Amino acid sequence: MDWSALRLSLELSFWTMLVLLPIGIWLGRRLAWSQFRGKSMAEALLALPLVLPPTVLGFYLLVALGSRSPIGQAYEALFDQQLSFSFAGLLIASIVFNLPFAIQPMQRAFEAIPQEVREAARCCGMPSWRILLRIELPLAWPGILSAMVLTFAHTLGEFGVVLMVGGSIPGETRTIAIAIYDRVQAFDDSAAASMSAVLLLISLFAISLSYMATARLGKGRHNV
Amino acid sequence: MSDGLHVHLQQEAPIPLAAAVHCAAGEVLALVGPSGSGKSTLLRSIAGLYQAEEGRIVCGDHVWFDSATQVNVATANRRIGMVFQQFALFPHLSALENIAEAMLQYPKAQRLARAQVWLQRVHLNGLGHRLPRQLSGGQQQRVAVARALAREPEVLLLDEPFSAVDRSTRESLYQELSELRAELKMPVLLVTHDIDEATLLADRMSILDAGRTLQTDTPEQLLQAPNSHRVARLMGMRNIYAGKILAQENTHTLIDWHGTALKVGTQKSFSVGSDITWAMPTSGVLLMPSRNRSTDALDNTIDVQVQLMLALGEQYRISVQHKNQTLTMNVPRHIAQRYRLEVGQFLQVRLRGETIHLMPSN
């Protein structure tokens, strides 16, 4: 059992989830309620990680974050270390490939709030921040929770993009999914089996949570 | 301009608007019109939920919208109380919390106690802890009204507030609103497509069609003297016809209706020979058996044939034909039975000339 790989995977999942929470809420609300030029294109771009082969996404991320790219060079100038094949690079890649998993459930959840309810809040004299905290987030929370769980579970299991961008540096970029692959390559079946079982249980728990949240969202919609 | 609410809005597209309304403090003004007439858009503009291209909205001393000076006060900063068609209660908050959310002007500690008082005023004592889905339609509507009033609004906006409840609930809500009215000191705008509802609840009505305010007047005045064929139609008048002025006498005006001369109340603004449209409420057509000749100077006796009889509760709506023109009249059920009225029957009816209103030709 590679505990450092498990810890790294959990850290990566946690931070990805945390960074995507405000991004998802902001983009989800905007996509749910605003009409703007290029909205369909924006939605298509955000959904692209769902259909793109992980190696292709990983390749482009590697190019975008590499030491010859402006982003990579800026990062090196600031922190004096390489962005690709680092935890920070892995986190950025993880955020990008998780965008649809975070945004789409939140967008659906915000879309389910009737326009009249949001307008009623404004007519009550509630300022925007209060409408967000008191009305929108409580009504959309099953969708937000679902998005967070999906993001967490998906990051835990991601292999292709992580391998392309992070490689397999122990303690730095070797996640549990890559550790399992390494163990299988080394014919260490028992370690691979125990790590797979742990990943299976965590993922099952997370997805169950997500389905429960979605069921509640459906019920909430019915009641609105 | 400091009394009540003054609204003037103008735009070409996407929804054409050419509306001007004034509602005094304590007055109930009904905005009436068919679907798509712009009445809800007008209400939403007052609330700041829709912005028209041009115009001005002033409530008391506050300018809420003025396209000329680019003033557009945000909805949250306009003191409005709004009751939505589907009530739009916050589904996850209790009835009490729904009301308390409109009382942000008070310290947090006072809100629930004050909301409780509002709950009592709308007769929902003991139901404050319930979520909206645990309340009936009528109870939800009461919470919505309490929430709108709890804001202590400068104007109360009611957007078809009775359309989502059943008929019997509606009747009792009318009664409650009528009672509450006496206490309301602000302008109240009621959007409805139901003429009877508007007549019952409003002091004045503004008739809207395709975004234009066609006529604003008391319900009685609108029913007796619509200023155009369209207003007469929108007020639900059935007896509307084309005619011509034959003569202007001292005691009456004489009009021609497809070869029949009719005496109507003097209306001197139309010159002899001019084409007109005339309208008459169904109550202006009276059943008159041939043995009872009328002696009233403005009564017009004509021969008709019964075409259609519709039983509507306590009375019949009867369509009769005179020279290919159809007239509609209401006859109490017992009268219709006494005279054994039936389809195809020939009879004489009286058209009461004093109820005939002349309008410019369509």
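Thresholds, definitions, all that
- Residues numbered from 1 in each chain as written.
- Chains lettered and ligands numbered in written order.
- Predicted model: local features only at pLDDT ≥ 70, side-chain atom pairs only at ≥ 80, totals over all residues.
- pLDDT = per-residue confidence, 0-100.
- Helix = DSSP H or I, 4+ residues; strand = E, 2+ residues; numbered from the N terminus.
- Contact = placed C-beta atoms within 7 Å.
- Nonpolar A, V, L, I, M, F, W, Y, C, P; charged D, E, K, R; others polar.
- Buried ≥ 20, exposed ≤ 12 C-beta atoms within 10 Å, placed from the backbone.
- Expected span 1.5 Å × (residues − 1).
- Bend = angle between axes of the 7 residues up to and from the residue.

A few words now on the confidence of the model for chain A. Confidence in the prediction of chain A, expressed as mean pLDDT, is 87, and 95% of residues score 70 or more. Here helix 11 (residues 189-223) of chain A is the element of chain A with the lowest mean pLDDT, 78, and helix 7 (residues 115-123) of chain A is the one with the highest, 95.

Bringing the interface of chain B and chain A into the picture now. Contact with chain B, which involves 18 residues of that partner, is made by 17 residues of chain A. Here the side of chain B that touches chain A is built from residues that sort into eleven nonpolar, three polar and four charged.

Residues and elements named next belong to chain B. Here Pro219 shows up in helix 7 (residues 219-224). Along the chain, Pro219 and Arg338 lie 119 residues apart, while their C-alpha atoms are 33 Å from each other. Every residue in contact with Pro219, bar those within four places of it in the chain, is listed here: Ala198, Thr199, Ala202 and Met205.

Glancing now at the environment of Arg183 of chain A. Residue and element names in this part refer to chain A. Mapping Arg183 onto the fold places it in helix 10 (residues 176-185). Given 21 C-beta atoms within a 10 Å radius, Arg183 is considered buried. Between the alpha carbons of Arg183 and Ala93 there is a distance of 24 Å; along the sequence they are 90 residues apart. In this view, Arg183 contacts Asp188, Ala191, Ala192 and Met195; residues no more than four positions away in its chain are not counted.

Bringing helix 8 (residues 128-157) of chain A into the picture now. For an α-helix the count is 3.6 residues per turn, leaving residues at separations of three or four pointing the same way. Look at helix 8 of chain A: only 37 Å from first C-alpha to last across 30 residues, short of the 44 Å you get at 1.5 Å a residue. Residue Trp141 of chain A marks the point of greatest curvature in helix 8 of chain A, where the axis turns by about 60°; the proline Pro142 of chain A follows within four residues.

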